[in-house]
Amino acid sequence: MVGRPRSQEADTAILAAALDLLIEVGAEQTSIEQVARRAGVTRATVYRRYADKTTLLVRALEWSNHDNDPSFTGWRDVDHMLGDWAAHLAVPRNRRLLRRVYAARDDYPALPMTYRSVNSGRRAAMVRETLVHARDLGHLPAELDLDVVQELLTGAVLNHLGSHPDDEGFAKIKAYLIAIMKQMGYRPAAMTV
């Protein structure tokens, strides 16, 4: 016997409601009941799709960040990567979401830990591949520890989220990220001699 097909509208409404609540009240205060009510579905509908709140919130983050997009295979160079990051950080809603996810480490640690274990591997590998390519082209010093560079870039993003205004534009954010990279010896093609 074949079950009823899932409603794409319900799927989208559930994920959107979960994201909205995560941003508005944080992971700890978000409940399946609230998500169902906001999405206009029953709790049973949510539970048929997601075993628990952590699974739902991780899937909502994947959906929001397009983590499972098979067409995304990485960035062509560091400039492209930092531009993509700056574009993401230039959207105040994205900034609030990132702060909520990082803050959940204290009140709902299952969310950042699970999200990182499920998704960060692919994205971190793409960042590393971009950095290796830049080093191979001579845009980064050969002796640079790329693991440390990735940690420093993460720290730079967190610093920006916490110390810069949410309405800061793309150009300023990208300039900030480029300045951080230049301090690590980054010299884009136009600067190399």
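As a reminder, the structure under discussion sits directly above these lines.
Residues numbered from 1 in each chain as written. Predicted model: local features only at pLDDT ≥ 70, side-chain atom pairs only at ≥ 80, totals over all residues. Heavy atoms only, no water.

**Brief notes about the environment of Asp-67**
Heads up, the rule is: Each helix corresponds to a stretch of at least 4 residues labelled H or I by DSSP, and each strand to a stretch of at least 2 residues labelled E; elements are numbered beginning at the N terminus. Contacts are residue-level and defined by heavy atoms, with any inter-residue pair within 4.5 Å sufficient.
By secondary structure assignment, the location of Asp-67 is in the loop between helix 4 (53–65) and helix 5 (78–89). Placed 52 residues apart in sequence, Asp-67 and Asn-119 show a C-alpha to C-alpha distance of 7.0 Å. When near neighbours in sequence (up to four residues on either side) are disregarded, Asp-67 contacts Leu-61, Glu-62, Tyr-115, Asn-119, Arg-122 and Arg-123.

**Notes on helix 8 (residues 146–163)**
Which entries qualify depends on this criterion: A helix's residues, less one, multiplied by 1.5 Å, set its expected span. Within 3.5 Å is the distance limit for a polar contact, defined as a pair of N or O atoms, with the added protein rule that one can donate a hydrogen and the other accept it, and that residues adjacent in sequence qualify only through two side-chain atoms.
Here helix 8 is 18 residues long and its end C-alpha atoms lie 25 Å apart, about the 26 Å a rise of 1.5 Å per residue gives. In this structure Asp-145 caps helix 8, since a side-chain oxygen of it lies 2.9 Å from the backbone nitrogen of Asp-147.

**Some details on the packing of aromatic side chains**
We apply this condition: The aromatic pairing rule takes the rings of Phe, Tyr and Trp, using the six-membered ring of Trp, and pairs them if the centres are within 6.5 Å, calling planes under 30 degrees apart stacked, those over 60 edge-to-face and the rest tilted. Partly exposed residues are those whose accessible area sits between 20% and 50% of the maximum for their type, while under 20% is buried and over 50% is exposed, using a 1.4 Å probe and protein chains only. Criterion for a charge above a ring: Arg CZ or Lys NZ at most 6 Å from the ring centre, at most 35 degrees from the ring normal.
The final tally for this structure, using the stated rule, is two aromatic pairs. Seen from their ring centres, Trp-75 and Trp-85 are 6.4 Å apart, and the 80 degrees between their planes marks the pair as edge-to-face. Highlighted residues: Trp-75 in the loop between helix 4 and helix 5 and Trp-85 in helix 5, separated in sequence by 10 residues. An identical accessibility class is assigned to Trp-75 and Trp-85; each is buried. Among the aromatic residues, ring-to-ring pairing joins Phe-72, Trp-75 and Trp-85 into one connected group. We note Lys-53 situated over the ring of Tyr-108; from NZ or CZ to the ring centre the distance is 4.3 Å.

**What about the pattern of salt bridges?**
For clarity, the cut-off: A pair is scored as a salt bridge if a Lys or Arg side-chain nitrogen falls within 4 Å of a carboxyl oxygen belonging to Asp or Glu.
Taken as a whole, this structure holds 10 salt bridges when the rule is applied. Residue Arg-95 is joined to Asp-166 by a salt bridge in which the shortest nitrogen-to-oxygen separation is 2.8 Å. Of this pair, Arg-95 sits in helix 6 (residues 92–107) while Asp-166 sits in the loop between helix 8 and helix 9 (170–183), and the two are 71 residues apart along the sequence. The partly exposed category is assigned to Asp-166, whose relative accessible area is 22%. Notably, a salt bridge pairs Arg-99 with Asp-166, separated by 2.8 Å at the nearest N-O pair. Remark: Asp-166 occurs in the loop between helix 8 and helix 9 and Arg-99 occurs in helix 6; sequence separation between them is 67 residues. Since its relative accessible area comes to 29%, Arg-99 is described here as partly exposed.

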